[in-house]
Amino acid sequence: MSTTETGNSSTTESAVSGLDYEETQLTLAPPGGSRSELERKRGFSEGVGLSLETKDFLSGSSDEPPISGAGEPSAAKAQVVGWPPVRSFRRNVLKSCTYVKVAVDGTPYLRKVDLEAYAGYQQLLTALEEMFSCFTARNYPNERRLVDHVNGTEYVPTYEDKDGDWMLIGDVPWK
Amino acid sequence: MTYFPEEVVEHIFDFLGSHRDRNAVSTVCKAWYHVERLSRLNVFVGNCYAIRPERVMARFPGMKSLSVKGKPHFADYNLVPYDWGGFALPWIKAAVRRSPGLEDLRLKRMVVTDDDLDLLARSFPNFRSLVLVSCEGFSTDGLAAIATYCRGLRELDLQENEVEDHGRQWLSCFHESCTSLVSLNFACLKGEVNAGVLERLVARCPNLRSLKLNRAVSVESLNEIVARAPYLVDLGTGSFAVLDCIGDKGLAVVASTCKELQELRVFPSDIYGAGATSVTEEGLVAISSGCPKLNSLLYFCYQMTNAALITVAKNCPHFTRFRLCILDPWKPDPVTNQPLDEGFGAIVRSCKNLRRLSLSGLLTDQVFLYIGLYAKCLEMLSIAFAGDSDKGMVYILKGCKNLRKLEIRDCPFGDIALLNDVAKYETMRSLWMSSCDVTLGGCKALAAKMPRLNVEIINESEGTDKLEENISDLHKVEKMYVYRTVAGPRNDAPDFVWTL
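All figures in this text were calculated on a predicted structure; none of them were measured in a lab.

Criteria and thresholds
Residues numbered from 1 in each chain as written. Chains lettered and ligands numbered in written order. Predicted model: local features only at pLDDT ≥ 70, side-chain atom pairs only at ≥ 80, totals over all residues. Heavy atoms only, no water. Helix = DSSP H or I, 4+ residues; strand = E, 2+ residues; numbered from the N terminus. Contact = heavy atoms within 4.5 Å. Areas by Shrake-Rupley, 256 points an atom, 1.4 Å probe, with all protein chains shown as cover. Core = buried A, V, L, I, M, F, W, Y, C linked by side-chain atoms within 4.5 Å. Buried < 20%, exposed > 50% of the residue type's maximum accessible area, 1.4 Å probe, protein only. Domains from an automatic or database assignment. Pairing = 2+ DSSP bridges. Patch = residues over 30% accessible without salt bridge, like charges linked within 9 Å, V, L, I, M, F, W, Y side chains within 5 Å. Salt bridge = Lys/Arg side-chain N within 4 Å of Asp/Glu carboxyl O. Axes fitted to C-alpha atoms, helices over the stretch in contact; angles between N-to-C directions. Parallel < 35°, antiparallel > 145°, perpendicular 65-115°, else oblique. Nonpolar A, V, L, I, M, F, W, Y, C, P; charged D, E, K, R; others polar. UniProt positions renumbered as here; feature names shortened; annotations may be inferred. Phe/Tyr/Trp six-rings, centres within 6.5 Å; stacked < 30°, edge-to-face > 60°. Lys NZ or Arg CZ within 6 Å of the ring centre and 35° of its normal. Lys, Arg positive; Asp, Glu negative; His and termini not counted. Charge placed at Lys NZ, Arg CZ, Asp CG, Glu CD. Polar contact = N/O pair within 3.5 Å; in protein donor to acceptor, adjacent residues only side chain to side chain.

### Description of the overall build of chain B
Alright, step 1. Regarding its fold elements, chain B presents 18 helices and 21 strands.
Alright, step 2. In terms of principal-axis extent, the alpha carbons of chain B reach across some 65 × 60 × 55 Å.
Alright, step 3. The contacts of chain B with a sequence gap of at least 6 include a subset with a gap of at least 24, amounting to 73%.
Alright, step 4. On chain B, roughly 21000 Å² of surface is accessible, and the fraction owed to carbon and sulfur atoms is 53%.

Take a look at the structure:
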């Protein structure tokens, strides 16, 4: 596997300087299981929950970057390109499942939140507080408001969805 | 050589349904080749770059129905850059010139533009069926052209295409006099269609048997439609697919009620982490024991055991397609911590008619030994994050006599495996290898030995078109696509595709 995601020029085998790489490698192996096959597992540095060493990185065959594809920088991406093998068409369908409507009693319109955008309940609650706080603390800056300077009335853009609920424009991405 | 008059031979050939059979008889002798080519109506081209369109149409002057496939399968998972190729236009243009009697066109994984659709719509007076699968490059404007100009259209089937919505009410473009529709599928479209227009269209097409709508169609509209189309056989919103939040319990219910089930696809709902409600090996075992007719499976899960696979293999020996995707690469059997070699080995041993297989989980070279030994009917194999050495790939190439498509990503297979049996690739449609250990030198060697293969390297790094001369043969190639062809190197390859 090309290991250029790290972006560094790979060390060549001759660059070992007194360290035995075999010994210092972290490996994933079952307790008491045979190590030989599993040791050679290539790095999956983006790690979908796993962190394995990249043996290929350590014993790279040249110091120039191989002809590789754009290969996402390992640190930046949480996913490997094209894995799992689900068509983007279908991923988008799946993604749309994570938007939920939020209604707070007494507010004139509802909001939509993408549950995927939050790592946990605390973050979700904080976000919801911010979203609905404008109804209590009227100084909350909200760039989507239009103020009629003549009489001070505030306007927000809303729409009525197919359930008959009034929703604030902008929560769901345009596409 | 032929003891029968040509008409008799031709009549006999009429009974040959598959293009493979027709290909076979056309190699018997010149006379049979001649009879066969003049009488072939349905032409199938599995790789649009394997042969030039003009040559196809010169060989089959009576062609009425054409099916062409473009991009490699891994394009579905964003592994192939957007403008790699697979253009429909050369095929449509050639058909306009040489096969104006064209009636049916089916395109898969190709780039189709609105202009292409417009040309198509205006050029074939007998056109009756357009099927586009996983295509892109067109919008509702192109659909409007089809609706407008294809009088007598019987089928418009759009499956999983990326279609831009230009807001055009394309459905309204079906003329009032269009009453010939038998099958209409626009499930993949995101935009809305006018309910009244749809209802009236349905009402005036008495032969309509299959209707697949998108989600924008309301329930009220559905009621109207069903009332006006009592002969509908197939009504839906596209393909039925199960999300894994159904859980193992949900699958057990399916297993206990759907005894006739032949095909099942279970997709992951939460791709980014192990969901609490997802499916495991238990769900699959339940399905296998409850649904004996199951022959086609696509199953995403977080874990799988050898024991489960062995049970599944015993319960369902009739699998023709078995695609298992364990979402974490290299994940072993969680109970035994062993690779899943034995489990998949049991599948290939038991399922003698297996034509398509996708592997996942922790796998050593052993599984490939099994596949090479037992999977004699296998035509398509997809491998990711598997194997230990070149031996794995060699087992496959040696053993799978019917292999047509092999696609490999992130496996430790290199030049030794690639060059082990170069003639093999001429018996296959294509080979894809990405993020493996094959080097530029290895690819060059393959290209040099096999002039009738196109060895394409996809290189997406910036500025590399200038560096082509400076790159060492030892460098590993990120993406390689090899396919047999009689058309030579293609002339529409973008800058980042090098044909060696």
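### Structural notes on the nonpolar core
All names here are of chain B.
Alright, step 1. One finds Phe322, Ile371, Leu431 and Met480 to be the most contacted residues of the largest nonpolar core, which totals 76 residues.
Alright, step 2. Each of domain 3 (239-413) and domain 4 (428-500) contributes no fewer than three residues to this core.
Alright, step 3. Ignoring sequence-local partners within four residues, the contact set of Phe322 consists of Leu284, Leu297, Leu309, Val312, Phe344, Ile347, Leu354, Arg356, Leu357 and Ser358.
Alright, step 4. Formed by 75 residues, the second largest nonpolar core is a distinct cluster that contains Val68, Val202, Cys205 and Ile225.

### Let's talk about the domain arrangement of chain B
Alright, step 1. According to the domain assignment, chain B contains domain 1 (1-40), domain 2 (43-228), domain 3 (239-413) and domain 4 (428-500).
Alright, step 2. Its C-alpha centre places domain 1 of chain B at a distance of 38 Å from the equivalent point of domain 4 of chain B.

### Quick word on the sheet that holds strand β20 (residues 479-484) of chain B
Residue and element names in this part refer to chain B.
Alright, step 1. A sheet is described by the order of its strands in space; here eleven strands give the open sequence β11-β12-β13-β14-β15-β16-β17-β18-β20-β19-β21, paired in mixed fashion. Two strands close off the open sheet at either side, each with one partner strand: β11 (242-243) and β21 (497-499).
Alright, step 2. In terms of strand pairing, strand β19 (residues 453-458) meets β20 through six bridges, oriented antiparallel. Looking across to β20, one finds that Glu456 is bridged to Tyr481.

### Concerning a nonpolar patch on the surface
All names here are of chain B.
Alright, step 1. A cluster of nonpolar side chains, contributed by Tyr3, Phe4, Val8 and Ile12, occupies part of the molecular surface with about 460 Å² of accessible area.
Alright, step 2. Inspection of the secondary structure puts Ile12 in helix α1 (residues 6-13).
Alright, step 3. Taking relative accessible area as the criterion, Ile12 reaches 41% and is therefore assigned partly exposed.

### Thoughts on the packing of helix α10 (residues 247-257) of chain B against helix α11 (residues 281-290) of chain B
Residues and elements named next belong to chain B.
Alright, step 1. At their nearest, the axes of α10 and α11 sit 8 Å apart, and the two run at 0° to each other. Considering their axes alone, α10 and α11 lie roughly parallel with respect to each other. Two secondary-structure elements touch here, α10 through Asp248, Leu251, Ala252, Val254 and Ala255 and α11 through Glu282, Gly283, Ala286, Ile287 and Gly290.
Alright, step 2. Tallied by class, residues from the contact of α10 with α11 come to six nonpolar, two polar and two charged.

### Describing the pattern of salt bridges
Alright, step 1. The full count for this structure, using the stated rule, is 24 salt bridges over all chains.
Alright, step 2. Linking Lys476 of chain B and Asp437 of chain B is a salt bridge whose minimum nitrogen-to-oxygen distance equals 3.3 Å. In this pair, Lys476 of chain B is assigned in the loop between α18 (464-467) and β20 and Asp437 of chain B in the loop between β18 (430-434) and α17 (440-449), connecting sequence segments 39 residues apart.
Alright, step 3. Arg490 of chain B is paired through a salt bridge with Glu456 of chain B; the nearest N and O atoms lie 2.7 Å apart. Taken together, the residues Arg490 of chain B in the loop between β20 and β21 and Glu456 of chain B in strand β19 connect sequence positions 34 residues apart.
Alright, step 4. Through salt bridges that share partners, Arg87 of chain A together with Asp76, Arg109 and Glu160 of chain B make up one connected network.

### Focus: the UniProt feature "domain: F-box" (unreviewed entry) in chain B
Alright, step 1. In the numbering used here, UniProt assigns the feature "domain: F-box" (unreviewed entry) to residues 4-45 of chain B.
Alright, step 2. Annotated as residues 4-45 of chain B, this span is 60% helix and 10% strand, and its ends, taken at the C-alpha atoms, are 30 Å apart.

### Thoughts on the packing of aromatic side chains
All names here are of chain B.
Alright, step 1. In total, this model carries 17 aromatic pairs over all chains according to the counting rule given.
Alright, step 2. Taken together, a centroid distance of 6.2 Å and an interplanar angle of 80° make the contact between Phe74 and Trp432 edge-to-face. Of the two residues, Phe74 is situated in the loop between β2 (65-69) and α5 (89-98) and Trp432 in strand β18; the sequence distance between them amounts to 358 residues.
Alright, step 3. Since its relative accessible area comes to 6%, Phe74 is described here as buried.
Alright, step 4. Ring geometry for Phe319 and Phe322: centres 5.0 Å apart, planes at 70°, overall edge-to-face. Neither Phe319 nor Phe322 differs from the other in exposure class; each is buried.
Alright, step 5. Chaining the aromatic ring pairs together yields one cluster made of Tyr49, Phe74, Tyr77, Trp84, Trp432, Tyr481 and Tyr483.
Alright, step 6. Over the aromatic face of Tyr370 sits the side chain of Arg349, whose NZ or CZ is 5.5 Å from the ring centroid.
Alright, step 7. If you follow Arg490 out to its NZ or CZ, it ends over the ring of Trp84, 4.3 Å from the centre.

### Concerning the pairing of β18 of chain B
Residue and element names in this part refer to chain B.
Alright, step 1. Where burial is concerned, most of β18 is hidden: five out of the five residues are buried.
Alright, step 2. Along β18, one buried face is formed by Ser430, Trp432 and Ser434 and the opposite face, lined by Leu431 and Met433, is buried too.
Alright, step 3. Note that strand β17 (residues 405-409) and β18 share five bridges and pair parallel. The residue bridging Glu407 from the neighbouring strand is Trp432, located in β18.

### Some remarks on the environment of Val254 of chain B
All names here are of chain B.
Alright, step 1. In this fold, Val254 is placed in helix α10.
Alright, step 2. With 65 residues separating them in the primary sequence, Val254 and Phe319 have C-alpha atoms 18 Å apart.
Alright, step 3. Those residues in contact with Val254, other than ones at most four positions away along the chain, are Ile246, Leu261, Ile287 and Cys291.

### A word on a negative patch on the surface
Alright, step 1. A surface patch of like charges, here negative, comprises Glu6, Glu7, Glu10 and Asp14 of chain B.
Alright, step 2. Locating Asp14 of chain B in the fold gives a position in the loop between α1 and α2 (19-25).

### Quick look at the sheet that holds strand β4 (residues 129-133) of chain B
Each strand in a sheet pairs with another by means of backbone hydrogen bonds, the pair being arranged parallel or else antiparallel.
Residues and elements named next belong to chain B.
Alright, step 1. Strand order in the open sheet formed by eight strands is β1-β2-β3-β4-β6-β8-β9-β10, with parallel pairing between adjacent strands. Across the chains shown, the open sheet's two edge strands, defined by having one partner strand only, are β1 (42-45) and β10 (234-236). Adjacent strand axes in the sheet meet at a mean angle of 10°, parallel and antiparallel pairs treated alike.
Alright, step 2. One ladder, built from five bridges, connects strand β3 (residues 104-108) with β4; its direction is parallel. Each bridged residue has a counterpart across the sheet, and for Asp104 the counterpart in β4 is Ser129.

### Comments concerning the side chain of Arg356 of chain B
Residues and elements named next belong to chain B.
Alright, step 1. Mapped onto the elements of the fold, Arg356 is located in strand β15 (residues 356-358).
Alright, step 2. For the buried Arg356, no salt bridge exists, and the shortest N-O distance to an oppositely charged side chain is 4.9 Å, to Glu407.
Alright, step 3. Among the polar contacts listed, one links the side chain of Arg356 to the side chain of His73, at a separation of 3.5 Å.

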